[in-house]
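Take a look at the letters that make up each chain.
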Amino acid sequence: MNNIKLEKDLVLKLYETMLKIRLFEETQGKVFKAGEQEGFTHLYIGEEAIAAGVCANLNDDDYITSTHRGHGHLIAKGGDLKKIMAELYGRYTGYCKGKSGSLHVADFSIGALGATGIVGANIPIATGAAYSIKLRGTSQVVACFFGDGATTQGTFHEAVNMAATWELPVIFVIENNLYLVGTKLDSICKVADNLAIKAEGYGMPGQSINGNDVIEVYSTVNKAVKRARNGKGPTLIDCKTYRHHTHFEGDIETRDKKEIEEWTSKDPIDRLENKMLEENIITKEDIESYRDRIQKLVNEAVEFARKSPKPETEVALEDVYAE
Amino acid sequence: MREISFREAIREAMVEEMRKDKNIFLIGQDVGAYGGELRISGPMYFEFGEWRVKDAPISEQGIVGCVIGAAMTGCKGIAEITFADFMMLPMDQICNQAAKIYYTFGGQRNVPIVIITNAGGYVRATVHHSQCLEAWFTHIPGLKVVIPSTPYDAKGLLKTAINDPNPVIYFGHKFMYPMKAEVPEEEYTIPFGVADIKKEGTDITVIATSYMVHKALNVANKLEKEKISVEVVDPRTLVPLDKEAILNSVKKTGRALIVHEAHLRGGIGGEIAAIIADEGFEYLDAPIKRIGAKDVPIPFPSVLEDFVLPSEEDIENTIRELL
């Protein structure tokens, strides 16, 4: 583990991002459960260190591709909480005019190229964005988020092989929470303990890290982003983490109780808070103040969504073809 | 006027557009120095280099994902999926991702890609190298479907496709590739949604696509000697479809026969017949008929393939039946 010594400001920024995701998702869970939204939602609670640690290394003109569990990615990339929440409520003021909801948030103005509902479909698209960077000759990079289960999808194999062979500027980030929906990864993958080894098969570097240590995530991705920007190609980073909630809100919990307890006690936000307190970067009062301020922002996003209009039916007929 | 082959017409369209815009690239199996499995790209690699004429691994999902990601980030990708039969592999990337991105994300970003694929039989290539699948793609909102029958149409339509801001599925036909015909040297384009009356007539409207246009014309020319006047309408694009031209023709002749090489069941003949029955009922003096391949996989030896695929005899007999 080769962590970088981070500036205080950066540590606080990582903390703020993780808190934003956590409080947004917890609030989202509550309003969803209360029946204020339709459809389905997949919460990022427990995995915040990954989105925060990755996106803190990215500029606005770098790209990310995301998944059905994607609110955290967009928040970390700088997404507008109001527009995200309005989208989850299916309102016209949402990022996608309310047309797509929780599984498909996107903000192209900050390089968030969208969240897909097909596991693994965003991986070739990330490789494509990286190909575009290479063709245009810029120093942008792409971060591609996907779960451990996605590494068993054919698109992973195809896209990673292309990126490695052509030395494309993409960082493949595995959000390894040990499970598909209810199936344990090690029952369908022989190298579940060390997904990073797959990188070797494609001729690129890979690393398995503690995905709940935001400093480790940041440091590892920092190196990978530098490699990519310098034309040295892609990296595969296996971030071990755990989702605190079920696959989707309302699902039956089938995971082992002890396992859940063990992992929730390794909460990435608690971990960082304790570290910051130890190193006198922050006080307990500061923590309360951060939480209050951010919860207020989240509440404003909910109010904004609640008050926003639903899309008119004609909106369903828009945006099929671009002019 | 000079004559060039169908494949040269496709190549010229790509070359002309790629000379104008350095962010356009072609990617596919063996399109590079080898010159393309069906000799479409020819010497393009030597003019444009390895990043703009890219040899891909055997990774159709990766190839299509690559052009999607690139198209969303400032480049324009043309993917060649050598045989239309292979289009089954990247169906998710085409129909779930490319087709839906503009809509899903509320019009934030369009996906300007072209997928050139080579359909059709009569070359004894049998079950996995002979299919016509245009009907599948006409069924998916968000895609445009182009199906030229001549070198002139091929070039003009492809130039339009490359400049269209949407995903365009472009069906060539391998049997027609050596066919030479007049193509102007001056630049020209053909708009989508405009059918071409390949032969004017008054007794019956034959709506035909791709290679079937030529079979229909052969039959029309033969029947002309018997004073039977056949009008051959070539839609050229299935999405958008020039409904008006089709209905105007049926209004004039009172009879309609649709001929496509794809299997009869579920082919676009059914869609066009329903449109005519719905919106042109009063024009009809006879039932609408359709000709397509028999609903069996395409067999190998000519004795069987020629029995399964539409023949000029089939077309002639059906026209006589309707008159």
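Residues numbered from 1 in each chain as written. Chains lettered and ligands numbered in written order. Predicted model: local features only at pLDDT ≥ 70, side-chain atom pairs only at ≥ 80, totals over all residues.

1. Some thoughts on the overall build of chain B
Next up, step 1: Of regular secondary structure, chain B possesses eleven helices and 14 strands.
Next up, step 2: In terms of overall dimensions, chain B is globule-like: its C-alpha atoms have a radius of gyration of 19 Å, near the 20 Å expected for 323 residues.
Next up, step 3: Projecting the C-alpha coordinates of chain B onto the three principal axes gives extents of approximately 55 × 45 × 40 Å.
Next up, step 4: Every one of the 323 residues in chain B was classed for burial, and the buried ones make up 56%.
Next up, step 5: Long-range pairs, those at least 24 residues apart, make up 79% of the contacts in chain B between residues at least 6 apart in sequence. (Helix = DSSP H or I, 4+ residues; strand = E, 2+ residues; numbered from the N terminus. Rg over C-alpha atoms; globule rule 2.2 N^0.38 Å. Buried ≥ 20, exposed ≤ 12 C-beta atoms within 10 Å, placed from the backbone. Contact = placed C-beta atoms within 7 Å.)

2. Details of the overall build of chain A
Next up, step 1: For chain A, the helix and strand inventory stands at eleven helices and six strands.
Next up, step 2: Relative to the globule expectation of 20 Å for 323 residues, the C-alpha radius of gyration of chain A, 19 Å, shows essentially globular dimensions.
Next up, step 3: Considered along the principal axes of its C-alpha atoms, chain A spans approximately 55 × 50 × 40 Å.
Next up, step 4: For chain A, the residues scored as buried account for 53% of the 323 residues in total.
Next up, step 5: In chain A, the proportion of contacts linking residues at least 24 apart, taken out of those at least 6 apart, comes to 76%.

3. Quick word on the sheet that holds strand 10 (residues 204-208) of chain B
Residues and elements named next belong to chain B.
Next up, step 1: Here we have five strands laid out as an open sheet, ordered 9-11-10-13-14, and mixed in their pairing. This sheet does not close on itself; its edge strands, each paired only once, are strand 9 (196-199) and strand 14 (289-293). Put simply, the sheet's adjacent strands are angled 25 degrees from each other on average, direction ignored. (Pairing = 2+ DSSP bridges. Axes fitted to C-alpha atoms, helices over the stretch in contact; angles between N-to-C directions.)

4. A look at the domain arrangement of chain B
Residues and elements named next belong to chain B.
Next up, step 1: You can read the domains of chain B as domain 1 (3-182) and domain 2 (196-322).
Next up, step 2: Here the C-alpha centre of domain 2 lies 26 Å away from the C-alpha centre of domain 1.
Next up, step 3: Counting residues at the interface gives 26 residues for domain 1, matched by 27 residues for domain 2.
Next up, step 4: Those elements giving two or more residues to the side of domain 1 that touches domain 2 turn out to be helix 5 (134-138), strand 6 (144-146), helix 6 (151-163) and strand 7 (168-173).
Next up, step 5: The class makeup of the residues in the side of domain 1 that touches domain 2 is 14 nonpolar, eight polar and four charged. (Domains from an automatic or database assignment. Nonpolar A, V, L, I, M, F, W, Y, C, P; charged D, E, K, R; others polar.)

5. Considering unusual backbone geometry
Next up, step 1: Each neighbour pair has its own omega, and for V239 of chain B with P240 of chain B the value is 0 degrees, a cis peptide bond.
Next up, step 2: Tracing the backbone shows P240 of chain B in the loop between strand 12 (237-239) and helix 8 (243-253).
Next up, step 3: Phi at K97 of chain A takes a positive value of approximately 60 degrees, unusual for a residue other than glycine.
Next up, step 4: Examined against the element boundaries, K97 of chain A turns out to sit in the loop between helix 4 (81-88) and strand 2 (112-115).
Next up, step 5: A count of 23 C-beta atoms within 10 Å places K97 of chain A in the buried class.
Next up, step 6: Even without glycine at this site, K227 of chain B takes up a positive phi of about 65 degrees.
Next up, step 7: Looking at the secondary structure, you find K227 of chain B in the loop between helix 7 (211-224) and strand 11 (230-234).
Next up, step 8: Owing to 7 C-beta atoms within 10 Å, K227 of chain B belongs among the exposed residues under this scheme.

6. Topic: the pairing of strand 11 of chain B
All names here are of chain B.
Next up, step 1: Among the five residues of strand 11, five are classified as buried, and the element is accordingly described as predominantly covered.
Next up, step 2: Burial of strand 11 is two-sided: the residues V230, V232 and D234 facing one way and the residues E231 and V233 facing the other way are all buried.
Next up, step 3: Two elements, strand 9 and strand 11, share three bridges in a ladder whose sense is antiparallel. Residue pairing across strands places D196 opposite D234, the latter belonging to strand 11.

7. Some details on the interface of chain A and chain B
Next up, step 1: Contact with chain A, which involves 36 residues of that partner, is made by 35 residues of chain B.
Next up, step 2: Residue assignment for the side of chain A that touches chain B shows that the elements contributing at least two residues are strand 2, helix 5 (122-136) and helix 6 (154-165) of chain A.
Next up, step 3: When residues in the side of chain A that touches chain B are grouped by element, the largest group, eleven residues, is from helix 5 of chain A.
Next up, step 4: Within the side of chain A that touches chain B, the residues separate by chemical class into 19 nonpolar, ten polar and seven charged.

8. Notes on the pairing of strand 14 of chain B
Residues and elements named next belong to chain B.
Next up, step 1: In this structure, strand 13 (residues 256-263) lies alongside strand 14, joined through four bridges in parallel fashion. Bridge pairing in strand 14 links H263 to A293.
Next up, step 2: Handedness of the crossover is the feature at issue here: the chain leaves strand 13, passes through helix 9 (residues 268-279), returns alongside strand 14, and the resulting connection is right-handed. (Right-handed = clockwise from strand over helix to strand, strands pointing away.)

9. Thoughts on the sheet that holds strand 4 (residues 170-176) of chain A
All names here are of chain A.
Next up, step 1: One open sheet holds the six strands; their spatial order is 2-1-3-4-6-5, and the pairing between them is parallel. Each edge of the open sheet is held by one strand with a lone partner, namely strand 2 and strand 5 (206-210). Going from strand to strand, the sheet's axes swing by 15 degrees on average, the running direction of each strand aside.
Next up, step 2: Packed on one face of the sheet, helix 8 (residues 214-229) meets strand 4, strand 5 and strand 6 (235-240) and runs near 170 degrees to strand 6.

10. A look at the nonpolar core
Next up, step 1: Counting residues in hydrophobic clusters, the biggest one holds 192 residues, and the most contacted among them are C144, V170, I171 and V173 of chain A.
Next up, step 2: Mapping this core onto the domain boundaries places at least three of its residues in each of domain 1 (3-182) and domain 2 (196-322) of chain B.
Next up, step 3: Those residues in contact with C144 of chain A that sit more than four places away from it in its chain are T65, N122, I123, A126, V170, I171, F172 and V173 of chain A. (Core = buried A, V, L, I, M, F, W, Y, C linked by C-beta atoms within 7 Å.)

11. What to know about the environment of E273 of chain A
Residues and elements named next belong to chain A.
Next up, step 1: Relative to the assigned elements, E273 resides in helix 10 (residues 268-278).
Next up, step 2: By C-beta crowding, E273 is classed as buried, having 21 other C-beta atoms within 10 Å.
Next up, step 3: Between the C-alpha atom of E273 and that of K284, which follows or precedes it by eleven residues, the distance is 8.9 Å.

12. Notes on helix 4 (residues 91-104) of chain B
Next up, step 1: Burial runs high along helix 4 of chain B: twelve of the 14 residues are buried.
Next up, step 2: Listed in full, the buried residues belonging to helix 4 of chain B are D92, Q93, I94, C95, Q97, A98, A99, K100, I101, Y102, Y103 and T104 of chain B.
Next up, step 3: The secondary structure elements touched by the buried residues of helix 4 of chain B are strand 2 and helix 5 of chain A together with helix 3 (60-71) and strand 5 (114-119) of chain B.
Next up, step 4: Looking one or two residues past helix 4 of chain B, G106 of chain B carries a phi angle of roughly 65 degrees, positive in sign.

13. Examining helix 1 (residues 8-33) of chain A
Next up, step 1: Along its 26 residues, helix 1 of chain A runs 37 Å from first to last C-alpha, staying within 8% of the 38 Å computed at 1.5 Å per residue.
Next up, step 2: Just beyond helix 1 of chain A, the residue with positive phi is G35 of chain A, at close to 85 degrees. (Expected span 1.5 Å × (residues − 1).)

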